[in-house]
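Each chain, letter by letter, is given below.
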Amino acid sequence: MTTLVIDIGGTKLAAALADSASNLTGRREIPTPASRTPQALQAALATLVAPLVSQAQRVAVASTGIIKQGVLTALNPDNLGGLSHFPLVDVLSRLTNLPCMAVNDAQAAAWAEYHALSADTTDMVFLTVSTGVGGGMVTGGKLLTGTEGLAGHFGHTLADPHGPRCGCGRTGCVEAMASGRGIARAANGDLAGCTAKQIFAHAAAGHPQAEELIQRSARVLARLIADIKVATDCQCVVLGGSVGLADGYLARVKAWLEEEPEICRVPLFRAKHQHDAGLLGAALLAQNRML
Ligand SMILES: [Zn+2]
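Cut-off values and rules
Residues numbered from 1 in each chain as written. Predicted model: local features only at pLDDT ≥ 70, side-chain atom pairs only at ≥ 80, totals over all residues. Heavy atoms only, no water. Donors = N, O, S within 2.8 Å, 3.2 Å for Na, K, Ca; no water. Tetrahedral: all angles 85-135°; square planar, octahedral: opposite > 155°, others 65-115°. Buried < 20%, exposed > 50% of the residue type's maximum accessible area, 1.4 Å probe, protein only. Helix = DSSP H or I, 4+ residues; strand = E, 2+ residues; numbered from the N terminus. Pairing = 2+ DSSP bridges. Phe/Tyr/Trp six-rings, centres within 6.5 Å; stacked < 30°, edge-to-face > 60°.

Caption draft 1: Main features of the coordination of the zinc ion. Coordination of the zinc ion by the protein involves His156 (ND1), Cys166 (SG), Cys168 (SG) and Cys173 (SG), with metal-donor separations of 2.0 to 2.4 Å. Considering all four donor atoms around the zinc ion, the spread of angles at the metal, 104 to 124°, places the coordination shape in the tetrahedral class. Given a relative accessible area of 21%, cysteine 168 falls into the partly exposed group. Residue classification places cysteine 173 among the buried residues on the basis of a relative accessible area of 0%.

Caption draft 2: Fine view of the pairing of strand β9 (residues 133-139). Buried residues dominate β9, accounting for six of its seven residues. Alignment of strand β8 (residues 124-129) against β9, held across six bridges, turns out to be antiparallel. Bridging across to β9, phenylalanine 126 finds its partner in glycine 136. Where β8 hands over to β9, the hairpin turn is made up of three residues, counted between the paired strands.

Caption draft 3: Fine view of the packing of aromatic side chains. Across all of its chains, the model carries two aromatic pairs by this definition. With centroids separated by 5.3 Å and ring planes inclined at 25°, the aromatic side chains of tryptophan 111 and tyrosine 114 adopt a geometry described as stacked. Of this pair, tryptophan 111 and tyrosine 114 both sit in helix α4 (residues 105-115), separated by three residues, roughly a single helical turn. The exposure classification of tryptophan 111 matches that of tyrosine 114, with both residues buried.

In structure tokens, the structure reads:
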């Protein structure tokens, strides 16, 4: 059974074919349409899958946003613009004439990272820190998606009631403070207008404000991880994303986690799959759910 796997992100759309052992071949990607309209996304998806679809028997999609009964909605409209309520599964079923399933991209990545852990792990949490903050949770060996597709959206838990307003409508979310966008937004003086990537480079060169901005993000994340440990009693937390995997970030988070009481600490690991985590997680979920 060959699965056409698709990853819908804020900046790119990726697709590949996955065999029954979840090996990915024929990987291709195109930019996410800048206009963020349903018509533009549908056309881009058609272009993306055209060379692959004839070789597949089913479709599995990992997408940014909340996936509720096959419909894509955006918790933070900044990430997807006008693509709230996009009928993802319907559109792809019609485009491909194949059975289709969809899941949130961070939930899919959590499932892929779970499979990379030792066999005695049954409970883990995956966190991705990049432009935003997302996550996914495996409990008792099962991926938790929730009744509304919302499970694992840790980026929208509270970090600071006096913190900045988040795109989701809440104030002081983890995402608003710890994400790449949050790091960049808090910069001022000679760092005003810098991207998170530039701020990391300044920190590596010893810039005090840059170091402070990254430490603030790492501290927010460590507190979130302590909350997660207390709430889920997971065996480990896996950290991914462009900020999560940036040089020295994990070590800073670990140092802040050491400040928490011992009962709140949990082993922290780097994510094993980077760009392909969504595609691989979708392939692995299709094996479980579409047999
Ligand atoms: Zn939020």
